[in-house]
Structure formats: C-alpha cells, structure tokens
Amino acid sequence: MTTLGTASAAPGEMDTGRLAVGETRDGSQFGLPVAVVNGADDGDTLYLQAVSDGDELNGLGVVQRVVPQLDPKQLAGTVLVVGVVNYHGFQVAEHRNPIDDTKMNRTYPGNESGTSSERIAAATFEVASRADLVLDLHQGSTSRMLNEARVRCGPRHRLHDACLELAKVFGCGYVLDQKGPDGQLARAAPDEGIPTIDPELGGSVGWDEESIRYGVEGVFNVLRHYGFLDGDVELQPQTRATGFDRYGAPSGGVVDFEKDLGDAVEPGDVLFEVTDVFGTLKAEVTADQRGIFWRARRLPQVATGEYVCSVGTDVDEY
Ligand SMILES: [Zn+2]
C-alpha cells in the first residue's frame, strides 16, 4: 500500500485525496490535492508537482491530462502527484502565497513549524524525498517564454549530469542550466540525491494548449525512459544556455519588440524599442551578447527600469 495524505493505493491501483497542511483563516482544514498511482510492478518513484507559483496553471493542465492516462496495471513503480502546491495563491490567482507574501519556490526544503509557505514546502518536500526523480512544473509566470526545462543544481553539483539527462529526456528542446537561488525545489532535492528539473512550460496568463502538450509529452518521455512504462524515447539534442541576460527599460513608455521567442541574437541587434504615448521613438535597446531570445514581458507599457526581456547566453547543444 502506498499512501500520500488521504490517498492510498495498493499495487495496480490509484487513488486521489488531500495532503493536510493546516487551516485557512476561517479555521477550516485545507489540504493539497494529491494522487497516488501505484504500479502493478515494482520500480522507481516519480514525484510530480504543479502550481508552486499560484498563477502558473499549465502544470495543472499537464497533471489533469497525465493522471487519467496512467494505467497502474501497466506501470512499474509509483507516481506521486501534488496537483496544486501554492494553495492560497491559486485561490486568488496570484504568483506568491498571499498569506505571507512569499514565493513558494524560495522556501524549500521548508520548515514544518515555520511560515505558511515554509509549512507547505516542508509537506511537499517530504513527498519529494520519497522519490527517485522530481518534476516541478512551472512556466514563465505572466511573461511569454520558450518551453524549456531548468537545471538548477549548478555545474559543480554531483547530480548535475543526472539532472541534465532528466531535462534532455523531458525534451522541450531548450534547457537553462544555471544554478538557481536558494530555496528552489530543483536545488534542494538534488542535495538529497534526487535528480530534479523545473520544466518551464511557456508563459503568459492562463492555459496554453501548446505548452500543456509539451508538458504531457515530457512526463510520458520520463516515464518511458526511466522504465515506469514500456517503450523507448529517442533523445533529441537540446539547446542549452548557461547564462541569462535580463534587459530593462531605459525610459518609460510602450515596448515594441524586434525579436521573437527563439530568435538568434547577435551583439548589437536591436531587441526592442520604447516609444512614447504619441509614437515617438524614445530609446532602442541592443543586445550585449550573442544568444537566444528567451523571455519577454506580455504587456507593452513599462516604467524606467522595469523588466522587459531576457536572452539566454553561452549557448551550446548537448
Ligand atoms: Zn514558477
């Protein structure tokens, strides 16, 4: 019997339930929606989580499609799922947990007697710690972004190669291989010996069909390659960036992009222009380094210094 919160499944069965974390402001118990798919055959454990950032819904779209397609009778090993991590952020469609105004993915491995976010992180990290592989499904928040997977442990980590392999198997086509900030699940779980990636399934608000399909395919690639399901995965070369240059607005106004997601960028290429309310050009921003146009703000209006776009740099293939 494999148990996760109130979900319990014998070999060859699946169940859904709730993982209790605490109470809401009115004193009601709340729990994160969880699923256990317990394979008929023995094998490894995959942990899949979504909506760590409360406005990033494409991962939920992936969970919603993957779980009904999993037949525990055909599965070797176990798939553990937390479908919505940032419970409070999800309720109000916000990125951060509004209870403590914190980004969940800066609080791992969490603290079971800490803040709201730290407690949720501790509860989900305990699940992640039971796994052999972890997928933490994200997207570029409300910015538009390539479909990519992030390796966050850093190049000197003993699990760096294993995380890179997991990203290649997931197979979005693009990988950002850069040590992440403290508190990311994709940094904390490798420290426990668990290869982890943070797939970034596109971006922008809502529910993006193409990005959800990338995510579903990625999860099934992982299940096949690592022996949870029958079948082989033909690994494709991934375009990898190890640097990530962010560009801000030199003046206030309206941004007009000269590059699109995935475009090659050469030093000196114009990335975007800023015009005023009446269409007069105020500024032109050019690339400092060669790379790939990776991420761009969704709304055109900017204040001086506001984030506009990112270019993945130091690009190679692996
Ligand atoms: Zn995120």
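Residues numbered from 1 in each chain as written. Predicted model: local features only at pLDDT ≥ 70, side-chain atom pairs only at ≥ 80, totals over all residues. Heavy atoms only, no water.

Describing the coordination of the zinc ion
Here is the rule: Each metal's donors comprise the N, O and S atoms found within 2.8 Å of it (within 3.2 Å for Na, K or Ca). Water is not part of the atom list, so some coordination spheres may appear incomplete. Think of it this way: with four donors and all angles in the 85 to 135 degree range, the site is tetrahedral; with four or six donors, opposite ones beyond 155 degrees and the rest between 65 and 115, it is square planar or octahedral; otherwise it is irregular. With a 1.4 Å probe rolled over the protein chains alone, any residue whose accessible area is under 20% of its type maximum counts as buried; one over 50% counts as exposed, and the rest are partly exposed.
Within the protein, D53 (OD), E56 (OE), E56 (OE) and H138 (ND1) serve as the donor atoms for the zinc ion, at 1.9 to 2.6 Å. Taken together, the 4 donor atoms coordinating the zinc ion span angles of 55 to 148° at the metal, a pattern that classifies the geometry as irregular. Mapping the donors of the zinc ion onto the primary sequence yields the spacing D-x2-E-x81-H. In this pair, the class of D53 matches that of E56, namely buried.

A short note on the layout of surface pockets
Heads up, the rule is: A cavity here means a set of 1 Å grid points, computed over protein atoms only, where a 1.4 Å probe fits but cannot escape. A pocket is an open set with protein on both sides within 12 Å along at least 5 of 7 lines, and lining residues have an atom within 4 Å of a point. Grid points are joined across faces, edges and corners, and a volume is the space filled by probe spheres set on the points. Numbering of helices and strands starts at the N terminus; helices are DSSP runs of H or I of at least 4 residues and strands are runs of E of at least 2. Polar here means any residue other than Ala, Val, Leu, Ile, Met, Phe, Trp, Tyr, Cys and Pro, which are nonpolar, and Asp, Glu, Lys and Arg, which are charged; Gly is therefore polar.
Looking at the largest pocket, its volume works out to about 530 Å³. Along its surface, the largest pocket is lined by 26 residues, and H95, K103, G140, S141 and R295 are the ones closest to its centre. Elements represented by at least two residues in the lining of the largest pocket include exactly β11 (196-201), β12 (239-248) and β19 (307-317). Its residues assigned to classes, the lining of the largest pocket comprises 4 nonpolar, 10 polar and 12 charged. For the second largest pocket, the calculated volume is near 170 Å³.

Side note on helix α1 (residues 58-69)
As a reminder, the rule being used: An expected span of 1.5 Å times one less than the residue number is assigned to each helix.
With 12 residues, α1 should cover 16 Å at 1.5 Å per step; its first-to-last C-alpha distance of 17 Å lies within 8% of that length. Among all positions of α1, only N58, G59, L60, G61, V62, V63, V66 and V67 are buried.

What about the nonpolar core?
The line we're drawing: To form a nonpolar core, buried Ala, Val, Leu, Ile, Met, Phe, Trp, Tyr and Cys residues must be joined to one another through side-chain atoms within 4.5 Å. Only heavy atoms enter the contact rule, under which two residues are in contact if any of them lie within 4.5 Å.
Core analysis: the largest hydrophobic core is formed by 41 residues, its most contacted members being L135, F170 and L223. In contact with L135, other than residues within four places in its own chain, are L46, Y47, L48, Q49, L166, F170, I197, V219 and V222. Core analysis: the next-biggest nonpolar cluster, separate from the first, contains 27 residues, A7, Y47, V82 and A121 among them.

Considerations on the sheet that holds strand β16 (residues 281-286)
Threshold: Here a strand pair is declared whenever DSSP counts at least two bridges between the two strands.
One open sheet holds the 4 strands; their spatial order is β16-β15-β13-β18, and the pairing between them is antiparallel. A strand with exactly one partner marks an edge of an open sheet, and here the two such strands are β16 and β18 (301-302).

Things to note about the side chain of Q238
By the secondary structure assignment, Q238 is in the loop between α6 (209-225) and β12. Classification of Q238 by relative accessible area gives buried; the value is 2%. Among residues more than four places away in sequence, those in contact with Q238 are A167, K168, G171, C172, G173, Y174, V175, D316, E317 and Y318.

Thoughts on helix α4 (residues 160-170)
H160, C163, L164, L166, A167, V169 and F170 are the residues of α4 that are buried. G171 occupies a position one or two residues after α4 and carries a positive phi of about 75°.

Quick look at the environment of I120
Following the sequence through the fold, I120 ends up in helix α3 (residues 116-128). Of the residues examined, I120 reaches a relative accessible area of 0% and is grouped as buried. Sequence separation between I120 and V315 is 195 residues, and the spatial gap between their C-alpha atoms is 36 Å. Discounting residues that sit within four places of it in the chain, I120 has contacts with V21, L32, V85, H88, N97 and M104.

Overview of the packing of aromatic side chains
What counts here: The pairing test for Phe, Tyr and Trp rings, Trp by its six-membered ring, is centres within 6.5 Å, and the orientation test on the planes gives stacked under 30 degrees, edge-to-face over 60, and tilted for anything in between. Two limits define a charge over a ring: the Lys NZ or Arg CZ must be within 6 Å of the ring centre, and within 35 degrees of the ring normal.
Counted under the stated rule, the structure contains 6 aromatic pairs. A ring pair is formed by Y108 and F125, whose centres lie 6.4 Å apart and whose planes are at 50°; its orientation type is tilted. Here the residue Y108 occupies a position in the loop between α2 (87-91) and α3, and F125 occupies one in helix α3, the gap between them amounting to 17 residues. Comparing Y108 with F125 shows no difference in burial state: the two are buried. Ring centres of F257 and F293 lie 5.8 Å apart, and the angle between their planes is 65°; this geometry places the pair in the edge-to-face category. Placement of F257 in strand β13 (residues 253-257) and of F293 in strand β17 (residues 291-296) is noted, with a sequence separation of 36 residues between them. Over the ring of F244 we find R150; its NZ or CZ atom is 5.2 Å from the centre of that ring.

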